[in-house]
Amino acid sequence: MNDEKVISAIRNRDEIAISEVITRYSRLLWKTAGAVLNQIGSVQDIEECVADTFICLWEHPDRYDPRRGKLKTWLSIVARTQAVNRCREITKRRIVSLDDASFLYQADILDGVLQQEAQHKLTASINALEEPAREILIRRYYYEQKPKEIARALHMNVKQVNNSLYRAKCRLRQAISEEMGV
């Protein structure tokens, strides 16, 4: 069946037609969504993007215009768009306020001192760190990523990550000590 006949069948709610499209393009759409969500998303995120693409086709077959390109291309664009949107959602969920006290507990930087002034100083000190030291510190102590994972995500070697963590923790301890008058 050519693309126009498939779309016509889907408009007429032919479940066999949508089933054939799913069978034919699932692997392609999986790879398309997976390429976007590779480092940030889960298998479930990729599955949902692919499923949402087929749902979009089923619910809105009129959005596909065969004069503008092949169905395969249109589905790939929809899947990529779904994946980009999912990536944005995931990123928004992962943004954390550095004022969050749980971050301070996990970072074990304050050595038991949880006074409000020290928390603000720590937050300011973390915000003052240069990249990638700030991101490495947050990934390690908030997201509990291992140095090897961080190195892979930031295209660094593990030694660079460990050195950056060490230097950042020293700077934070010094800043807190100065603030506390120790």
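As the structure is a computational prediction, the values presented were derived from the model and not from experiment. (Residues numbered from 1 in each chain as written. Predicted model: local features only at pLDDT ≥ 70, side-chain atom pairs only at ≥ 80, totals over all residues. Heavy atoms only, no water.)

Caption draft 1: Structural view of the overall build of the protein. When helices and strands are counted, the protein shows 9 helices and 0 strands. Taking the contacts inside the protein whose residues are at least 6 apart along the sequence as the reference set, 63% of them involve residues at least 24 apart. Surface exposure of the protein reaches about 11500 Å², of which carbon and sulfur atoms provide 48%. (Helix = DSSP H or I, 4+ residues; strand = E, 2+ residues; numbered from the N terminus. Contact = heavy atoms within 4.5 Å. Areas by Shrake-Rupley, 256 points an atom, 1.4 Å probe, with all protein chains shown as cover.)

Caption draft 2: Geometry of the confidence of the model for the protein. In this model, the protein carries a mean pLDDT of 83, and residues with pLDDT of at least 70 account for 84%. Contacts from residues 109-114, a stretch scored under 50 in pLDDT, to residues over four places away or in other chains number 12 contacts. (pLDDT = per-residue confidence, 0-100.)

Caption draft 3: Spatial organisation of the nonpolar core. Of all hydrophobic cores here, the largest spans 25 residues; its most connected members are Val21, Leu57, Leu71, Trp74 and Leu75. Ignoring sequence-local partners within four residues, the contact set of Leu75 consists of Val21, Tyr25, Leu29, Thr53 and Leu57. Residues Leu129, Leu137, Ala168 and Leu172 belong to the second largest nonpolar core, which totals 14 residues. (Core = buried A, V, L, I, M, F, W, Y, C linked by side-chain atoms within 4.5 Å. Buried < 20%, exposed > 50% of the residue type's maximum accessible area, 1.4 Å probe, protein only.)

Caption draft 4: Spotlight on the packing of helix H2 (residues 15-37) against helix H3 (residues 43-59). Close contact between H2 and H3 brings their axes to 9 Å; oriented N to C, the two are set at 140°. Regarding the angle of H2 to H3, the classification is oblique. Every pair of crossing elements has a handedness; the one defined by H2 and H3 is right-handed. Contact with H2, carried on its side by Glu15, Ile18, Val21, Ile22, Tyr25, Ser26, Leu29, Trp30, Ala33, Gly34 and Leu37, involves Val43, Asp45, Ile46, Glu47, Cys49, Val50, Thr53, Phe54, Leu57 and Trp58 of H3 and no other residues of that element. Residue classes in the contact of H2 with H3 are distributed as 15 nonpolar, 3 polar and 3 charged. (Axes fitted to C-alpha atoms, helices over the stretch in contact; angles between N-to-C directions. Parallel < 35°, antiparallel > 145°, perpendicular 65-115°, else oblique. Left-handed = near helix turned anticlockwise from the far one by under 90°. Nonpolar A, V, L, I, M, F, W, Y, C, P; charged D, E, K, R; others polar.)

Caption draft 5: Summary view of the state of the cysteines. Within this structure, the stated rule accounts for 0 disulfides. You can see Cys87 has no disulfide; the closest cysteine sulfur is in Cys49, sitting 9.5 Å from it. (Disulfide = S-S within 2.5 Å.)

Caption draft 6: Highlighting the packing of aromatic side chains. One pass over the full model with this rule turns up 1 aromatic pair. A centroid spacing of 6.0 Å and a plane angle of 65° characterise the contact between Tyr64 and Trp74, whose relative ring orientation is edge-to-face. Placement of Tyr64 in the loop between H3 and helix H4 (71-94) and of Trp74 in helix H4 is noted, with a sequence separation of 10 residues between them. Accessibility expressed as a relative area gives 3% for Tyr64, which makes it buried. Positioned over the ring face of Trp58 is Arg13, at 4.5 Å from the centre of the ring. (Phe/Tyr/Trp six-rings, centres within 6.5 Å; stacked < 30°, edge-to-face > 60°. Lys NZ or Arg CZ within 6 Å of the ring centre and 35° of its normal.)

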